[in-house]
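Here is how the chains run, residue by residue.
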Amino acid sequence: MTDHSLQTRLLHSDYKFDPHTGAVSVPIQQASTFHQQDFDNPGVYDYSRSGNPTRKALEDTIAGLESGSHGFAFASGMAAISTAFMLLSKGDHVVITQDVYGGTFRMIRDVLVRFGIDHTFVDMTDLHAVATAIQPNTKLLYIETPSNPTLEITDIRAVAKLAKANDCWTFVDNTFMTPALQRPLELGADLVLHSATKFIAGHSDVVAGLAATNDREIAEQLGFLQNSFGSILGAHDCWLVLRGLKTLHCRMTQSQASAVKIAEKLSAHPLVEQVYYPGFRFHPGSSTQAYQAEGSGAVLSFRLRDEDAVRQFTKHVELPVYAVSLGAVESILSYPARMSHASMPKEEREKRGITDGLLRLSVGLENPNDLIKDFHQALGKIESEAFLQTGG
Ligand SMILES: *Cc1c(COP(=O)(O)O)cnc(C)c1O
């Protein structure tokens, strides 16, 4: 099976039908415990926190898609990420991208510090800054690329090389790209993490997290931690993620093609001050992105004049849902200054390009021309209201 492309493997894996019944869908094994046939030879499964057949199907599937040997399914992206951080011990130090997901930022700053695990936030696009931040007790370099919401690109292979030379691990949050577009383990990373809530499940109907590795020692420890902390994904939710995965390639391809179109149209509009999308040739990370991923994904950000322009735009735009989250069949528009980055002091936010005029768009499966038309009419409303206000 493994010599087929990922697009085909999404549909034809070892789990394409149930060997007992022929059912062409992974059975949902809604059992907490498993009858032991034999006192001396307990079966593969004993208790669903430690292992469940539906979860095993998802875990094997994500391992295969990420070119890993072991996969793990958790109750959320944050459950996957925080459990992975438990691979560290008191006295260890982490170098982490400054644009890390807000939940990861909070967990590192407010929780891990209490357990004696220290950190340094750096601009990961700057390899020199990463090298300088490494200390004798650094155990982990933690990457998220493209970054949120300004879509900056970190060179995964270069950071992983730096990590190896300093006897550190590299973890990559691959939520924005998914294995359909980027496979960090192939680039030298040790562990890949996902909020499967986003593109992987893809339908805004489940909260889930995944991890995959090809390092036996990490796999053993992470399996132990998953069972110890117990933040596992339930059988029903595992099935929903498996169902979403079948269309992953087709959703990513379609949404990405639309994102390219929309990014171009937005950047040509006079009221859009800047569009952040690594697919633009002038984006500083575009060549790294072209090398390490198959495209630039389906998330872009764009900057309007100010908060008032954002207010007018979001009031008049009709198609995208206005919400936190991303990576769904429907387009999602979010306002980082008030949503994902609301807790960050304004000065800090602006330093990172997260201004009061910045909007993030996760492109869904609508016809891109309908989205473009909708954005144009909403941008038109800003113009006329500004015009009225100035009395012109
Ligand atoms: C949403 C998200 C997370 C957290 O995942 P949850 O499923 O919400 O717990 C982590 N990283 C990134 C990049 C995300 O977008």
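This text goes with the structure placed above it.
Residues numbered from 1 in each chain as written. Predicted model: local features only at pLDDT ≥ 70, side-chain atom pairs only at ≥ 80, totals over all residues. Heavy atoms only, no water.

Undergrad: I tried to follow the sheet that holds strand β2 (residues 93–97) on my own but got confused; where do I start?
TA: Picture the strands of a sheet paired through backbone hydrogen bonds; they go either parallel or antiparallel. Strand order in the open sheet formed by seven strands is β1-β7-β6-β5-β4-β2-β3, with mixed pairing between adjacent strands. Among the strands making up the open sheet, the edge pair consists of β1 (70–74) and β3 (118–122). Averaged over all pairs of adjacent strands, the angle between their axes in this sheet comes to 20°, without regard to strand direction. Pairing between strand β4 (residues 138–144) and strand β5 (residues 169–173): five bridges, direction parallel. The residue of β5 that forms the bridge with Tyr142 is Phe171. Helix α4 (residues 102–111) contacts β2, β3 and β4 of the sheet and is inclined by roughly 140° relative to β3. Along the sheet face, helix α6 (residues 156–165) touches β4 and β5 and points at about 155° away from the line of β5. (Pairing = 2+ DSSP bridges. Helix = DSSP H or I, 4+ residues; strand = E, 2+ residues; numbered from the N terminus. Axes fitted to C-alpha atoms, helices over the stretch in contact; angles between N-to-C directions. Contact = heavy atoms within 4.5 Å.)

Undergrad: Sorry if this is basic, but what is going on with the packing of helix α3 (residues 77–85) against α4 here?
TA: The relative placement of two packed helices is expressed as an angle between their axes plus a distance between the axes. Here α3 crosses α4 at 35°, and the two axes come no closer than 10 Å. Regarding α3 and α4, the two cross each other, and that crossing is right-handed. Across from Met78, Ile81, Ser82 and Phe85 in α3, the residues of α4 making contact are Gly103, Thr104, Met107 and Ile108. The residue inventory of the contact of α3 with α4, partitioned by class, reads five nonpolar, three polar and no charged. (Left-handed = near helix turned anticlockwise from the far one by under 90°. Nonpolar A, V, L, I, M, F, W, Y, C, P; charged D, E, K, R; others polar.)

Undergrad: Just to check I follow, could you spell out empty space enclosed by the protein for this structure?
TA: Space left empty within the atom packing is revealed by a probe, the size of a water molecule, rolled over the atoms. Applying the stated criterion across every chain yields a total of two cavities of 30 Å³ or more. Within this model, the largest cavity holds a volume of roughly 40 Å³. Together, Thr97, Asp99, Asp123, Met124, Thr125, Glu144, Ser147, Glu152 and Thr154 line the largest cavity. Split into classes, the residues belonging to the lining of the largest cavity amount to one nonpolar, four polar and four charged. Its volume calculated, the second largest cavity comes out at about 40 Å³. Around the second largest cavity, the lining residues are Phe199, Arg251, Ser255, Gly327, Ala328, Val329 and Leu365. Grouping the constituent residues of the lining of the second largest cavity by class yields four nonpolar, two polar and one charged. (1 Å grid on protein atoms, 1.4 Å probe; cavity = no way out; pocket = protein on both sides within 12 Å on 5 of 7 lines; lining within 4 Å. Points joined across faces, edges and corners; volume = space filled by probe spheres on them.)

Undergrad: Would you take a moment to explain the pattern of salt bridges for this structure?
TA: Two side chains carrying opposite charge are able to pair once their charged atoms lie near each other. One pass over the structure, following the stated rule, counts 15 salt bridges. The closest approach of N and O atoms between Lys139 and Asp92, which form a salt bridge, is 3.7 Å. Note that Lys139 is positioned in strand β4 and Asp92 in the loop between α3 and β2, a separation of 47 residues in sequence. Classification of Asp92 by relative accessible area gives buried; the value is 10%. Measuring nitrogen to oxygen at the nearest pair gives 3.4 Å for the salt bridge that ties Lys351 to Glu348. Highlighted residues: Lys351 and Glu348, both in helix α12 (residues 346–351), separated by three residues, approximately one helical turn. On the accessibility criterion, Lys351 (65% relative accessible area) is exposed. (Salt bridge = Lys/Arg side-chain N within 4 Å of Asp/Glu carboxyl O. Buried < 20%, exposed > 50% of the residue type's maximum accessible area, 1.4 Å probe, protein only.)

Undergrad: What is the right way to look at the pairing of strand β12 (residues 358–362) in this model?
TA: Sheet faces and side chains relate simply in a regular strand, where the side chains alternate between the two faces. In terms of residue burial, β12 counts as a mostly covered element, since five of its five residues are buried. Of the two faces of β12, the one lined by Leu358, Arg360 and Ser362 and the one lined by Leu359 and Leu361 are each fully buried. Of the strand pairs in this sheet, strand β9 (residues 299–303) and β12 are connected by five bridges, and their pairing is antiparallel. Looking across to β12, one finds that Ser301 is bridged to Arg360. When strand β11 (residues 332–334) meets β12, the two strands line up antiparallel, connected through three bridges. For Leu333, the partnering residue across the bridge sits in β12 and is Leu361.

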